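Chains, contacts and geometry: an overview
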Amino acid sequence: MTLAPGRNVSRDKAATGTPGQVPAPTRVGAYPWAMAGAVALSVAGAAISLNGVLRGWAWYLPILTTVVVVCLSIAALRALRAQPLMVAAGGFASLIAVLTLTFFRSTGIAGFIPSGATLAEVDRFISRASETVLAESAPVAPNAGIVMVCCAALGLTVILIDALAVPLGMPATTGLGLLAILVVPATVKPQSVGVWGFIATVAGYLLILACSQWFAPDSRTSADSGRNPGQLRRAVLTGTVALVATLAVPAAIPGFEHGTFPQGARLNPWGAGTGLNPMITLGNSLRAPAGSGRITYATNASGSLYLRSVTVDNFDGESWGPDDRDAERRPVAGQLETGYEIVAEEQLRQVTAVDTGTFTSPYLPLPYAPESIRGLNGSWTWDPATLAVKGSNSNSRAQQYIVVSSTPKLTAALLQQSSQAVRGIRDDFTRVPGNVPDIVRSTAATVTASSDTPFAKAMAIQKYLRSGEFTYSLQSPVQGGYDGNGLSVLADFLTQKSGYCIHFSSAMAVMARLEGIPSRIAVGYAPGRTTGSTVSVTGQGALPQYEVDARDAHAWPELYFQGLGWVPFEPTPSRGVIPAYATETNNPGSPGSLENNADLLPGTTAPASTPGASAAPLPGAGGGDGDVGPVLLPWLLGTAAALGLVLLAASPRLVRMGRRARRLRTEDRAREDAVPLAWAEIRDLGTDYGLPPESSETARTYSARLRQSSLLGESGGMDDAAHQAIRSLTSDFERRHYGPPVQDPAGRGRTGAIAPRIAAVQQSLRANASLPRRLRADWLPPSVLGLWAWLLVAPFRGFNRLARVMAKAAARSWSRARDRLFRPRGSQ
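First, a word on what this report is: a plain description of the structure on this page. (Residues numbered from 1 in each chain as written. Predicted model: local features only at pLDDT ≥ 70, side-chain atom pairs only at ≥ 80, totals over all residues. Heavy atoms only, no water.)

What to know about the overall build of the protein
Within the protein one finds 24 helices and 15 strands. Considering the protein as a whole, with its 828 residues, one finds that 50% of them fall into the buried category. The contacts of the protein with a sequence gap of at least 6 include a subset with a gap of at least 24, amounting to 74%. Looking at the protein as shown, the accessible area adds up to about 37200 Å², and 59% of this sits on carbon and sulfur atoms. (Helix = DSSP H or I, 4+ residues; strand = E, 2+ residues; numbered from the N terminus. Buried < 20%, exposed > 50% of the residue type's maximum accessible area, 1.4 Å probe, protein only. Contact = heavy atoms within 4.5 Å. Areas by Shrake-Rupley, 256 points an atom, 1.4 Å probe, with all protein chains shown as cover.)

Below, the structure is given as structure tokens:
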């Protein structure tokens, strides 16, 4: 026996008891509030796992507020016995109100009702969120746009989970909505969902199942009550199987990386992209180097070269990126000029033939500093300030071109002598951000205190960052919450003294500016490996070929010295090769020595003017394996679309269940009113299961056809319980329509037995129907769709009827006019 919401056994007996006994009034009880609490716990718990996708915890309070408000609104409406569609609509209304109050209070009516200005603000917030997920790596900065989108997505998830758990009667499927939330951190964060988020989500999900079974919201369903014996044993068995499957799936299915779910098992079904973004997905790409985006090149240089794509010179704000300076760019035609004077006596000039293959990026990988480029397809422009080449309507995929480049031959003595004041350089490369953390300023001052020239200061900063105080780590920034870039991240890095190339290069670039040295961060490829092949280049003969991919990507600082130009350094310890001019010759065994790093790139030699190698992404459209843009944005949009599609697909079922619940709500209805509604439910049940009533059939004829139809299985009819139920309902209907008025006040007691009789008929129809017919009756009930079709067709039928009437009237009018015009004279 299942229990209605908030009812006990004695109350159920009173509702369906013997004639002459008036049932006690029923109450909804604690069910709506218990279910709302379970849904809130599950969604808010799943949101905990977004820490690491979003930076810090400031975003959690708006999300928690949104989830709680929507859950309480739904619970209040259900406690007031609102229809399922009204409950869902109320949930949407509360979601809109809380979003307006939280994010658009200044433009909303009374602070929580959206206005026309609010819609414009929503568009601006969505655009900002899109820019965030496409331009930042995890964890992204929790600006208002991305937090608003997350609040909206989780609010919609609450409505979906509630609809699945209560009106649709499928509480087990609520796990799909929770899974949609957990997939985002599982695919973005290296540590996956995390233990606490997973535990909170599972606890909320189990509470949803427990509420559905313990309270049994629909007394007509066949769901087993949580109070029945055997439930605990089945629950333990189910939990054990689920736990074993959870531990086995990561090991059995390709796409799961090492680790035990939920801590460390990162699902990566998409693989890595071939275009890599600067300053964006550095850590995630390094943690999962896929070797994608292969580039080959042949050069007449003495060894393999560094390919440089773009530079980052704007160190303001929480997220850094390249300034393309589109207004100043020039078409790639003829000579590319550096814009500054080189006074070095010797120049190193190389000819390099590059084949980008599948690497896709708006930026072109080039050896620095390019003087001319031949063979490009499409329209390309170059930045006079950085010599970065970018496509106007093209990308780097399948490009083959020849680059002539030159750099001065640098020595430590030459750099030490370059101590004159810097002139002719843009302010972009010397501007010190106004919000530099104190730890960065004090560290720069302390490290360079004993240095008197720009080169000495640069060497002091590089030596400090490569000292034993710092360690190279891909995981420490993730665990410490400072993965990515920006001044706040830089402060955490100098405190923790552990990170990877983007942290070291950023620290050196910012500290160099604090000491008056122009600086920027270069993003490009390390020398790579030889392929063993040669390429014939016109005028150069057969040149050795090299290859690079995402595993060879790197970021390093470049400092400007008057008369020598931009000079690269290598502050990242245990990675790459230090240029010869930047080695500590007085102490060959120091951490900054060449010997300490010679084993990291076997078989490669570093050009005099290039820094060492470390894997870091390059600029591009696709992003690396951990790029939050291609992962987070599709999941946010996909989740919203899925919620809409699920609610749209479920709307006929919701309408049908609401109509049935309204018909069978008998506690405040007299027997004379309940019987016709019960018969209407029988007619709709027959229609849903393929036995619609004929317009000329009487109730008795339709009842007999329904009981004996061959559609009800091989037996050709209903089971005994359904047979007796439909006979008694037919008798009640005939007595109501054709018999004398019922005076027995105990008749209300009879109406309480209507629901079990309807349930018996429905169970028999369902048991004997085929699977397609059952699915159609559940999700696309013809009794609802037929009404909708009539409502859609009725206006057209009315218009057609009106058109025919008007056509007949016009024909009669024309006939009369014709008779008057052409009637012979003298005729009557």
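A look at the sheet that holds strand β6 (residues 380-382)
One open sheet holds the three strands; their spatial order is β3-β6-β7, and the pairing between them is antiparallel. Only two strands of the sheet have a single partner each, and these edge strands are β3 (330-331) and β7 (389-391). (Pairing = 2+ DSSP bridges.)

Quick look at helix α16 (residues 501-514)
Compared with an ideal rise of 1.5 Å per residue, which puts 14 residues at 20 Å, α16 spans 20 Å between its outermost C-alpha atoms and is within 8% of the ideal. Across the 14 residues of α16, 13 count as buried, placing the element largely inside the fold. (Expected span 1.5 Å × (residues − 1).)

Description of the packing of helix α3 (residues 60-79) against helix α6 (residues 144-165)
Relative orientation of the contacting elements α3 and α6 amounts to 30 degrees, with a least axis distance of 9 Å. As far as their axial angle goes, α6 and α3 are roughly parallel. Between α3 and α6 lies a crossing of right-handed hand. Here P62, I63, T66, V67, V70, C71, I74 and R78 of α3 lie close against α6, whose contacting residues are V147, C150, C151, L154, G155, V158, I159 and D162. Here the contact of α3 with α6 is built from residues that sort into twelve nonpolar, two polar and two charged. (Axes fitted to C-alpha atoms, helices over the stretch in contact; angles between N-to-C directions. Parallel < 35°, antiparallel > 145°, perpendicular 65-115°, else oblique. Left-handed = near helix turned anticlockwise from the far one by under 90°. Nonpolar A, V, L, I, M, F, W, Y, C, P; charged D, E, K, R; others polar.)

Some thoughts on the sheet that holds strand β4 (residues 347-355)
Think of a sheet as strands paired side by side through backbone hydrogen bonds, with each pair either parallel or antiparallel. Spatially, β5-β8-β4-β1-β13-β12 is the arrangement adopted by the six strands of the open sheet, whose pairing is antiparallel. The outermost strands of the open sheet, each flanked by one partner alone, are β5 (370-374) and β12 (529-537). Each strand of the sheet is rotated relative to its neighbour by a mean of 30 degrees, with strand direction disregarded.

Overview of the side chain of S42
Positionally, S42 belongs in helix α2 (residues 31-48). By relative accessible area, S42 is classed as buried at 0%. Those residues within four positions of S42 in sequence are excluded, and the remaining contacts are L178, A200, T201, G204, Y205 and I208.

Description of the packing of α2 against α3
The N-to-C vectors of α2 and α3 enclose an angle of 160 degrees; their axes lie 9 Å apart at closest approach. With respect to α3, the element α2 is oriented roughly antiparallel. Relative to α3, α2 is oriented so that their crossing is right-handed. Where α2 abuts α3, its residues P32, W33, A36, V39, A40, V43, A44, G45, A47 and I48 lie against Y60, I63, L64, V67, C71, L72, A75, A76, R78 and A79. In terms of residue class, the contact of α2 with α3 is built from 18 nonpolar, one polar and one charged.

Notes on the pattern of salt bridges
For the structure on display, the rule yields 19 salt bridges. A salt bridge links R431 to D428; its shortest N-O distance comes to 3.6 Å. R431 gets classed as partly exposed once you look at its relative accessible area, which sits at 36%. Across the pair D732 and R735 runs a salt bridge, and its minimum N-O distance is 3.1 Å. Here D732 and its partner R735 are both found in helix α20 (residues 720-738), three residues apart, which amounts to about one turn of the helix. Each of R294, R529, E547 and D549 takes part in salt bridges that share partners, so that together they form one network. (Salt bridge = Lys/Arg side-chain N within 4 Å of Asp/Glu carboxyl O.)

Let's talk about the packing of aromatic side chains
Across all of its chains, the model carries 21 aromatic pairs by this definition. Ring centres of F103 and F104 lie 6.3 Å apart, and the angle between their planes is 55 degrees; on these two criteria the pair is classed as tilted. Comparing F103 with F104, the two get one shared label, buried. In textbook terms, an aromatic cluster arises when at least three aromatic residues are bridged by ring pairs, as seen for F455, F561, F569 and Y581. A cation over an aromatic ring shows up here: R520 above the ring of F429, its NZ or CZ 5.6 Å from the ring centre. (Phe/Tyr/Trp six-rings, centres within 6.5 Å; stacked < 30°, edge-to-face > 60°. Lys NZ or Arg CZ within 6 Å of the ring centre and 35° of its normal.)

Some words on the nonpolar core
Counting residues in hydrophobic clusters, the biggest one holds 51 residues, and the most contacted among them are M35, V39, V43, I63, V67, F103 and V158. Going through the elements one at a time, α2, α3, α4 (84-103), α5 (116-135), α6, α7 (174-188) and α8 (195-215) are the ones with two or more residues in this core. At twelve residues, α6 tops the list of elements feeding residues into this core. Excluding residues that lie within four positions of it along the chain, F103 makes contacts with P62, F125, A144, V147, M148 and C151. (Core = buried A, V, L, I, M, F, W, Y, C linked by side-chain atoms within 4.5 Å.)

A few points about the pairing of β5
In terms of residue burial, β5 counts as a mostly covered element, since four of its five residues are buried. As paired elements, β5 and strand β8 (residues 400-408) share four bridges and run antiparallel to each other. Among the inter-strand pairings, R374 is bridged to a residue of β8, identified as I402.

Some remarks on the side chain of S451
Following the sequence through the fold, S451 ends up in the loop between α12 (438-447) and α13 (454-465). A distance of 3.4 Å separates a polar side-chain atom of S451 from the backbone oxygen of A456. With residues near it in sequence (within four places) discarded, S451 still touches A456, K457 and A460. (Polar contact = N/O pair within 3.5 Å; in protein donor to acceptor, adjacent residues only side chain to side chain.)

Structural notes on a positive patch on the surface
There is a patch of like positive charges on the surface, built from R804, K808, R812 and R816. Looking at the element boundaries, R812 is found in helix α24 (residues 782-822). (Patch = residues over 30% accessible without salt bridge, like charges linked within 9 Å, V, L, I, M, F, W, Y side chains within 5 Å. Lys, Arg positive; Asp, Glu negative; His and termini not counted. Charge placed at Lys NZ, Arg CZ, Asp CG, Glu CD.)

Looking at the environment of G434
By secondary structure assignment, the location of G434 is in the loop between α11 (412-417) and α12. Residues G434 and F315, spaced 119 residues apart in sequence, show a C-alpha to C-alpha distance of 9.8 Å.

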